[in-house]
Structures are given as structure tokens and as C-alpha cells.
Amino acid sequence: MASINMSYLNPRTVILIGIPGLQHMQFWIGFPFFAVCLVALLGNIILLIIIPMERSLHQPMYIFLAVLAATDMGLCAAIAPKMLAIFWFRSYSMAFDTCLAQLFFIHALQCMESGILLAMAFDRYIAICDPLRHTSILTPSILGRMMVIVAIRATVLVGLLPMLIKRLHLFHSTIIAHSYCEHMAVVKLAAEDIHVNKTCGLFVGFTILGFDMIFILISYILIFQAVLRLHQKEARLKAFNTCTAHIFVFLEFYILAFSFFSHRFGRVVPSTHILLSTIYLLVPPALNPIVYGVKNKVICKRVAQIFLLNHVSQQ
């Protein structure tokens, strides 16, 4: 009876405590995360301004990059406000339904980002392995359909997670040891059988991230084979150079993704896992526009013009 009295039936609110064991440092930890969010928002806004304006960037790779930038901004907007409110203002409480909404948007946007990276890998494969048919294969209508499929896949599969949580009614606690509403952190609060929730979480993660990673790797194996068949060294370097930005973003995304699942397969200190998972969510949106901006001369030139105009107008 004591355990029942300590349980919560259909809780309306939950408590997010931030980073367990590091609560005394959270105020200061918030500043680097805030700086990363500012860089992410500024960089992705600039991409969303430059890509539509510059006709030379109206290509599949940069259209995908614009969609990736919008996704990254959404991810920052989903996680940063509440996380910083916890760190700086000790605003720990959150409505349970709002928590589930945050859970859905964070994981859905993650899955969309993975799908966009797969679409970008397919674009590089067509551009290098079948360049003469590149524009005829990746038409605007095909690009639109690809993005709709990516969005529907993420929405449907990730939508299962909050729906399965809603079927749970009895919880042994309402305190979430995390800085945002992550799926397993919420599921572990339940005082009922959560086997289905755990299985579905792994299924969604590996179906989307695992599927995309395998096909991106296959694309690059075929790309490298095609590049190595080129006779001229300059042609090989030029072809490979068009892929370097995407390779960097791909490696950054999926290497950090392993930290997201690390707590399931090993003993990881909770504070370490939460820091790594937060870095996984916030660092790629900040790095992506920098990587593509540095690699593309047109974007670099446009960014320089924007800041130069601002500097001149201030004088």
C-alpha cells in the first residue's frame, strides 16, 4: 500500500531537474549552450536568406541544406528555451502534455535531419555517378516528394512514442532527471510495464537512424568507387571535394548519435549522458552552416557582403 500511496495517477505536471549531480554548476553551463544556440540560429537564418536569393545555389544539395537549416532551427527552438529556463531561472515544472509535445518535436526533428542527410547523400551519388542525368532525376517535384516522405516518416514513427506513453496512467515519480523531455527519461517514470515503450523506442531509433546510416555508407562506397575510376588526379580531387562538407556533417551527426543510445548498452554516468545528448542536439545545428559556409565560396561571399553592409550602415 505504501508504494501505491507514493505513486501518481495521470500526473498533470512533471519536474525537470536539469543535469543530475551538476545542479550547482547549471547556471554557468547554460552560457556555452546559449552561445551555441545563438551561433546555430544566426548561421541557419543566414543560410535561409542566402540560398533563396542566390540563383547559383538553386541546386538540390543547397535546397536540402535550406531544409536542414530550418530543421536545425526547429530543434534549437524545441530544446533551448526550457533548458535555459531550468539552468538560469530554476523553472523546473512543466505540464505533462507539453513535455510529450517537446519529446515529439525533438525526436521527430532529429529523425528528419537524418532523412535529409540521406537525401543529400543520394544527391551526391547521382551528381558523381550519373552526372548527365542529375537535373532530370532530381527535379523540383522529386525533391518536394522526398522531403514530404522524410517528414511523414518521422512524424508517423516518432508519433508512436508519446501515444504509447499516454496509455500509461500510474507513475512512481514525476521528477525527470534530464534537461529536456527525452523519451526514455519519461518512460522510466512509469510504475507499469514499459516493455512495449522500450521496444518501440529502439525500433524507431534503429529503423530511422540505422536505415539511413547504412544507405549513406552504401552511397559513399559507390561514390568512392566512381571517383577512383577517374583517370585524372584533378578530376578525382574535384569530385571528392564536392562531398567533403556532407561527409563531415554525416560523421558529426552519427558519431554524436551513439551517445544518445550509450545509456542503454553500458554504465554511463547520468550527468555525462545528459551532457552528451544535449551536445548531440545543439552542436550539429551550429556546425552545419559553418561547414557549408566555409566550403562554398558563394555563401562566404554573401555572408561577407551582409556583415560589410551592416558595418558600413553603422558608420
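This text follows the structure it describes.
Residues numbered from 1 in each chain as written. Predicted model: local features only at pLDDT ≥ 70, side-chain atom pairs only at ≥ 80, totals over all residues. Heavy atoms only, no water.

J.: Would you mind going over the overall build of the protein in detail, with residue names and values included?
T.: Scanning the protein from terminus to terminus reveals twelve helices and five strands. A compact globule built from 315 residues should have a C-alpha radius of gyration of about 20 Å, and the protein, at 22 Å, falls within 12% of that. Nonlocal contacts in the protein, meaning residues at least 24 apart in sequence, comprise 79% of its contacts between residues at least 6 apart. Where the 22 positive side-chain charges of the protein centre and where its 12 negative ones centre are 3 Å apart. (Helix = DSSP H or I, 4+ residues; strand = E, 2+ residues; numbered from the N terminus. Rg over C-alpha atoms; globule rule 2.2 N^0.38 Å. Contact = heavy atoms within 4.5 Å. Lys, Arg positive; Asp, Glu negative; His and termini not counted. Charge placed at Lys NZ, Arg CZ, Asp CG, Glu CD.)

J.: Lay out helix α2 (residues 26-53) in plain terms, naming residues and giving numbers.
T.: Across its 28 residues, α2 extends 41 Å between first and last C-alpha, which sits within 8% of the 40 Å expected from 1.5 Å per residue. Of all the positions in α2, only Q26, I29, G30, F33, C37, A40, G43, N44, I46, L47, I50 and I51 are classed as buried. (Expected span 1.5 Å × (residues − 1). Buried < 20%, exposed > 50% of the residue type's maximum accessible area, 1.4 Å probe, protein only.)

J.: Just give me the short version of unusual backbone geometry, but keep the residues and values in it.
T.: The backbone phi angle of N10 is positive, close to 45°, even though this residue is not glycine. Overall, N10 belongs to the partly exposed group, its relative accessible area being 43%.

J.: Outline the sheet that holds strand β2 (residues 13-16), supporting the account with residue identities and numerical values.
T.: The strand order across the open sheet built from three strands is β3-β2-β5, with neighbouring strands paired in mixed fashion. Pairing within the sheet leaves two strands with one partner each, and these edge strands are β3 (93-95) and β5 (175-176). Bridge count between β2 and β3: three bridges; the pairing is antiparallel. Residue I15 lies in a different strand from β3, and its bridge partner there is S93. Each of β2, β3 and β5 touches helix α4 (residues 96-129); the most contacted strand, β3, lies at about 85° to it. (Pairing = 2+ DSSP bridges. Axes fitted to C-alpha atoms, helices over the stretch in contact; angles between N-to-C directions.)

J.: Outline the side chain of S219, supporting the account with residue identities and numerical values.
T.: The topology assignment puts S219 in helix α8 (residues 195-228). For S219, a relative accessible area of 11% translates into the label buried. A polar contact is formed between the side chain of S219 and the backbone oxygen of F215, at a distance of 2.9 Å. Residues within four places of S219 in sequence aside, it is in contact with A121 and Y125. (Polar contact = N/O pair within 3.5 Å; in protein donor to acceptor, adjacent residues only side chain to side chain.)

J.: I'd like a description of the state of the cysteines, backed by residues and values.
T.: As enumerated under the stated definition, the model contains one disulfide in all. C99 shares a disulfide with C181; S-S distance 2.0 Å. One disulfide, between C99 and C181, carries an S-S torsion of -120° and so falls in the left-handed class. Taken together, the residues span a long stretch of sequence, with C99 in helix α4 and C181 in the loop between β5 and α7 (183-187) at a distance of 82 residues. Since its relative accessible area comes to 0%, C99 is described here as buried. For C181, a relative accessible area of 0% translates into the label buried. Free of any disulfide, C76 has its nearest cysteine sulfur in C37, 4.8 Å distant. The cysteine C111 is free of any disulfide, with C200 supplying the nearest cysteine sulfur at 11 Å. Classification of C111 as buried rests on a relative accessible area of 7%. (Disulfide = S-S within 2.5 Å.)

J.: Tell me what's going on with the packing of α4 against helix α6 (residues 140-166), and back it up with residues and numbers.
T.: Taken N-terminus to C-terminus, the directions of α4 and α6 make an angle of 150°; their axes are 8 Å apart at the nearest point. Put simply, α4 runs roughly antiparallel to α6. Crossing handedness for the pair α4 and α6: right-handed. Residues of the contact of α4 with α6, tallied by class, amount to 19 nonpolar, four polar and three charged. (Parallel < 35°, antiparallel > 145°, perpendicular 65-115°, else oblique. Left-handed = near helix turned anticlockwise from the far one by under 90°. Nonpolar A, V, L, I, M, F, W, Y, C, P; charged D, E, K, R; others polar.)

J.: Give me the lowdown on a nonpolar patch on the surface, citing residues and values where you can.
T.: Taken together, the side chains of F211, I214, F215, I218 and L222 present a nonpolar region at the surface, about 420 Å² in accessible area. Topologically, F211 is positioned in helix α8. By relative accessible area, F211 is classed as partly exposed at 39%. (Patch = residues over 30% accessible without salt bridge, like charges linked within 9 Å, V, L, I, M, F, W, Y side chains within 5 Å. Areas by Shrake-Rupley, 256 points an atom, 1.4 Å probe, with all protein chains shown as cover. Salt bridge = Lys/Arg side-chain N within 4 Å of Asp/Glu carboxyl O.)

J.: Residue-level account of the pairing of β2, with values.
T.: Two faces, one strand: in a regular strand the side chains alternate between the faces of the sheet. Burial along β2 is one-sided: V14 and L16 are buried, and none of T13 and I15, which face the opposite way, are. The pairing of β2 with β5 spans two bridges and is classified as parallel. Bridged to L16 within β5 is I176.

J.: Quick rundown of the pattern of salt bridges? Include the residues and the values.
T.: Counting across every chain of the model gives five salt bridges. Across the salt bridge formed by K166 and D97, the nearest N and O atoms sit 3.1 Å from each other. Of the two residues, K166 is situated in helix α6 and D97 in helix α4; the sequence distance between them amounts to 69 residues. Among the salt bridges present, the one from D212 reaches R153, with a minimum N-O distance of 2.8 Å.

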